[in-house]
Amino acid sequence: PGFAPLTDDAGVYLPTGPGDAQRMELLNMPGDGSDVWLDVRAVQLYLQISLTSIYKLIHQGEIPAVKLGTKTIRVNRKALEEYLQRATVLGEASVA
């Protein structure tokens, strides 16, 4: 299944910025995603949440990420999808 981005009033989550087309290709690559590394903007396009929220989740260890050098952060697509599966299970369990 392909990724269909949502939008807010400001259009922040639309893939219209520089490099967003390539980011969307990474999100939609076939396979399990274990060899796909996403930057924080690609994670934003995928999760449809603010960059601040993504950085908080990374800092708290909720979203697994690696830091390359002093500023570059990458998130493995498979690890991100596994995080979402865990979050979904936790969300369903807390409702019951």
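The preceding data block contains the structure.
Quantities reported herein were computed from a predicted structural model and do not represent experimental measurements.

Enquirer: Looking at this structure, I do not really get the nonpolar core. What am I missing?
Expert: When a protein is soluble and globular, its nonpolar side chains tend to lie buried together. Among the nonpolar cores identified, the biggest contains 17 residues, and Leu 38, Val 43, Ile 58, Ile 63, Val 75 and Leu 80 are the most heavily contacted of them. Contributing elements (two or more residues each) for this core: helix 1 (20–27), helix 2 (40–47), helix 3 (51–59), strand 3 (72–76) and helix 4 (77–95). Examining the composition of this core, we find that five residues originate from one element, helix 2, more than from any other. Setting aside residues up to four positions removed in sequence, Ile 58 forms contacts with Val 40, Ile 63, Ala 65, Ile 73 and Val 75.

Enquirer: Help me understand helix 1, please; the structure alone is not making it clear to me.
Expert: The α-helix advances 3.6 residues per turn, and as a result positions three or four apart in sequence lie on the same side. Every buried residue of helix 1 is accounted for by Asp 20, Arg 23, Met 24 and Leu 27. Each buried residue of helix 1 sits inside an arc of 100 degrees when the element is viewed along its axis, so together they form one side.

Enquirer: Explain the side chain of Arg 41 to me, please; I cannot follow it from the model alone.
Expert: Mapped onto the elements, Arg 41 comes out in helix 2. Arg 41 sits in the buried class, given a relative accessible area of 19%. There is a polar contact of 2.7 Å between the side chain of Arg 41 and the side chain of Gln 44.

What counts as what
- Residues numbered from 1 in each chain as written.
- Predicted model: local features only at pLDDT ≥ 70, side-chain atom pairs only at ≥ 80, totals over all residues.
- Heavy atoms only, no water.
- Core = buried A, V, L, I, M, F, W, Y, C linked by side-chain atoms within 4.5 Å.
- Buried < 20%, exposed > 50% of the residue type's maximum accessible area, 1.4 Å probe, protein only.
- Helix = DSSP H or I, 4+ residues; strand = E, 2+ residues; numbered from the N terminus.
- Contact = heavy atoms within 4.5 Å.
- Arc of directions from axis to C-beta.
- Polar contact = N/O pair within 3.5 Å; in protein donor to acceptor, adjacent residues only side chain to side chain.

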